[in-house]
Every structure is written in C-alpha cells, then in structure tokens.
Amino acid sequence: MKKTVRDLTLAGKRVFTRVDFNVPIDENGEIRDDTRIRAGLPTISYLLDNGAAVILASHLGRPKGRVKDSLRLNAVAKRLEELLGRQVRKMDEVVGEGISRAAGELKAGDILLLENVRFHPGEEKNDPELSRAYASLADIFISDAFGAAHRAHASNAGIASYLPAAAGLLMDAEIVNLSRAMHNPRRPLVAIVGGNKIADKIGVLTNFISLADSLLLGGGMANTFLRAKDYNMGRSLLEEDKLTQAAELLRLATYNDLNLCLPVDLVVADKVDASAEAEVVTVESVPDDKMALDIGPKTREIFSRLIAEAGTIIWNGPLGVFEIDKFAQGTFAVARATAESDAFSIIGGGDVVSAVEKAGVAAMISHLSTGGGATLEFWEGKELPGIAVLNDC
Ligand code: ADP
Ligand code: MG
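From a predicted model like this one, the values you see are computed outputs, not experimental measurements.

A.B. asks: Explain the sheet that holds strand 14 (residues 344–348) to me, using residue names and the numbers behind them.
C.D. replies: The strands making up a sheet associate through backbone hydrogen bonding, with each pair oriented either parallel or antiparallel. With respect to topology, six strands assemble into an open sheet ordered 9-8-7-13-14-15, the strand pairing being parallel. Every other strand in the sheet has two partners, leaving strand 9 (259–261) and strand 15 (367–368) as the edge strands with one partner each. Direction of pairing for strand 8 (residues 214–217) relative to strand 9: parallel, over a ladder of three bridges. Bridge pairing in strand 9 links leucine 215 to leucine 260. Against the sheet, helix 5 (residues 169–182) touches strand 7 (189–193), strand 13 (312–316), strand 14 and strand 15, its axis set at about 115° to strand 14.

A.B. asks: Describe the pairing of strand 7, with residues and values.
C.D. replies: Along strand 7, five of the five residues are buried, which leaves the element largely enclosed by surrounding structure. Here five bridges tie strand 7 to strand 13, and the two strands are oriented parallel to one another. Across the sheet, residue isoleucine 192 finds its bridge partner in strand 13, namely tryptophan 315.

A.B. asks: Now, about the domain arrangement of the chain: what can you tell me, with residues and values included?
C.D. replies: Per the domain assignment, the segments making up the chain are domain 1 (5–169) and domain 2 (177–380). Relative to domain 2, the C-alpha centre of domain 1 lies at a distance of 36 Å. Contacts between the two partners involve five residues from domain 1, matched on the other side by nine residues from domain 2. Interface area, domain 1 with domain 2, both sides summed: about 500 Å², of which 67% is carbon and sulfur. Considering only the surface of domain 1 that becomes buried against domain 2, Phe146, Gly147 and His150 emerge as the three largest contributors, covering 82% of it. At the junction of domain 1 with domain 2, the criterion picks out zero salt bridges. Linking domain 1 to domain 2 there are zero residue pairs in polar contact (both at pLDDT 80 or more).

A.B. asks: Describe in detail the environment of leucine 189, supporting the description with residues and values.
C.D. replies: With respect to the secondary-structure elements, leucine 189 resides in strand 7. It is 41 Å that separates the C-alpha atoms of leucine 189 and alanine 77, two residues lying 112 residues apart in sequence. Setting aside residues up to four positions removed in sequence, leucine 189 forms contacts with Ala181, Leu211, Ala212, Asp213, Ser214, Thr312 and Ile314.

About the criteria used
Residues numbered from 1 in each chain as written. Chains lettered and ligands numbered in written order. Predicted model: local features only at pLDDT ≥ 70, side-chain atom pairs only at ≥ 80, totals over all residues. Heavy atoms only, no water. Pairing = 2+ DSSP bridges. Helix = DSSP H or I, 4+ residues; strand = E, 2+ residues; numbered from the N terminus. Contact = heavy atoms within 4.5 Å. Axes fitted to C-alpha atoms, helices over the stretch in contact; angles between N-to-C directions. Buried < 20%, exposed > 50% of the residue type's maximum accessible area, 1.4 Å probe, protein only. Domains from an automatic or database assignment. Buried area = accessible area lost by both parts, 1.4 Å probe. Salt bridge = Lys/Arg side-chain N within 4 Å of Asp/Glu carboxyl O. Polar contact = N/O pair within 3.5 Å; in protein donor to acceptor, adjacent residues only side chain to side chain.

Structure below.
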C-alpha cells in the first residue's frame, strides 16, 4: 500500500505536486478538452483546504528539453484559475532563482504553477540535480500524474528521493481500482481487448490470459487472431508479422483453460468511410474485397451475455472503428452491457474511453482510467516507476 495525501500533516507545508495537465491545445492556443485539469482538482483542493501551499508541476506535449512558446502553460493556468476560483501564480521558468524566491514567499492557500517541466533538458533524463532543485522548493512531494507514471522523470520520480513522497487522490484512485481488478477480482473476471494492433498489446493480452476467466477480442487486432485460425479476412487490417505470436497466444489461452471469444460475425465494408455500404457476414464468409470494421450482432449478443454475468470487467481498446457511426455499434452495445452489469468495471485506453463517453454511459462505469500508456503498462503487470518511488504505508 502506498502512502496517500490523506496520511500526511499538511498545515503550513509547501507541497510540490506533480499533475498531468497535458491537455490538447488547438492552433489558437485554446484548450480543447480540460478533463485532465479537472481530474487534478480534488487533490489540489484537498491540499489547500488542509492549510498547505501548492507548487504545481506538469508537462505539456513534447518540447524535448527546449522552450517552445506554443507549449507554455499559460492557458492551463488561466483555466485552472477559472475552475478553482482562486489566483494561480504562473511562472515562466521550471527552476531557478525566481522560482526559489516565489516558492519561499508562499503562504498557506497559495498556488504556484511552474512552466512546462519538459522545457528543461534534465526532466526526461531524470537528472538528480534537477530533482534536488525541485525538492528544495517544498517539504512534501505528492504525485497525482498517473498518466505519466510509466516514465521515470525528475518531477514525478527523481524528486521522491529527496522528500516524503505520497500519492494524490487521483493517483490513489487509479492504483486502488486497477489493483482491485487485477489482484483479487470478484469472479468471473471478463477481460475485453480491442483496438488497432496486437503489437501494442502483447503484454496486456499475455497477462489477461493468465488472470481472466473470459477474454473477449474485437477490433482490428481480432482480425489477426482470426487469420491465425485460417479464416480469410479479405482486405481487413492485418498484422502478417504477428500471426505466429497470435497463434501462440491462442495456445496459451487453451493451456490456461481460458474462455477466449473471437467474433463469430463481423460488419464489413469496402472502405473506412461513413459513405461505405456496411454489411454483416459470418467469420467464414468475409468477401475478398471487404474489410472487417466492427463486431456483428451475434457477437455483441455473446459478449453482452458474458458481461452480464461478470463479477469484474476490464476493457481496453474499441471493438470497431467507433469514430464512424455505422462501425461503432459493437463498441456501443458492449459499453451499454458493461454499464448495465453489476460488475466492478474498469475501462482504460484513450480511444475506448472516448467511445464509452460517446455511447453516453461513462457515468455508469466503476472506474475510467486516465492513463494511456501508464494503464497499459499497469495491466501488463509491470511496476510503474512513478508509483514505485512513493513511500509505503
Ligand atoms: P485504445 O486507445 O483504447 O487503447 P487503440 O489505440 O489500440 O485503443 O485503438 C483504437 C483505434 O483502433 C481506433 O482508432 C479504431 O478506429 C481502430 N480500430 C478498431 N477496430 C478496427 C478495425 N476492425 N479495423 C481498423 N481499425 C480499427
Ligand atoms: Mg489509442
């Protein structure tokens, strides 16, 4: 168990808080989606309500150790001020004399926001000198940046060597929920994996095969599994170089006595376009000139039945090209079934989370994970460096 912000005395303390405010920004410098800023609010409010002064640090985009004006945190500071209804002192540097002075002047309830930490070349190198400079600003380190936890960088890992280090509320929710589903889940544990490619998900698939009672596969990656079982997949997205690995995973599933479900029918079309004519076919009869773009109605029914009986559901990757309505129905049906089931449900992955939001059932899911790569690595069973550095209870 990792220490959390709730375990600490905060009154009068300066708290270096690593958040993930890596929000999408448009050409005009406007924030397109402030979900990540909102996700950080509970921890920030908790710190302020308990008498701390807060020094916030975040990355934005990939400036690669150089100052890039379009990736400054000015718009983030402004939005944070609006959301909190309090003043945020935004700095134009990451470290230095000005920052040390500003941190020294902080009083309980004050908020200081550092510039984009990735402007500093030491950040992604996890440079000890930079980590010490961060640590010198504060009494406590709180990490709330779950989305960056799979990286060992100075502001989310290195700094923890020099200060008491604990999880923020968002980080804690991620650790508790993701762990609960993986270690000691209420059974049956139904895992659902879709999305683009097997290549990105070999680790997750391997781990889920050993953990789950049922594994439901859809999306582009299911095509490669179906091909490995000798089905003709027409012009579907296929990873020819992963056929052997797909066959191995299928064998591993049998060996583990796992109920592995591949689609029995598919929605096919001749192009990935809203104007394409969609048709439902069985897996045995995918036409040579068509591609599989969604799971079919029979598959939706089989998947939904298993989901209804689940004790725990973990889901990564959409089951079709959900960006186009006529290929989104499989993903939406499974999203609804997951929302309606009594199971403890966790959904993670940038695309599947937006698909579930699009389906209008996000509020009925037990936990939507905020991490992309971090969630995948957690599900691979890896220890994430940004979590490992936090103090144990
Ligand atoms: P996540 O972000 O949830 O981890 P991925 O990034 O792995 O998911 O995959 C999402 C992408 O996979 C989406 O853009 C979706 O259009 C695509 N996809 C899903 N099914 C198919 C398919 N049958 N053919 C081609 N692309 C697909
Ligand atoms: Mg994705």
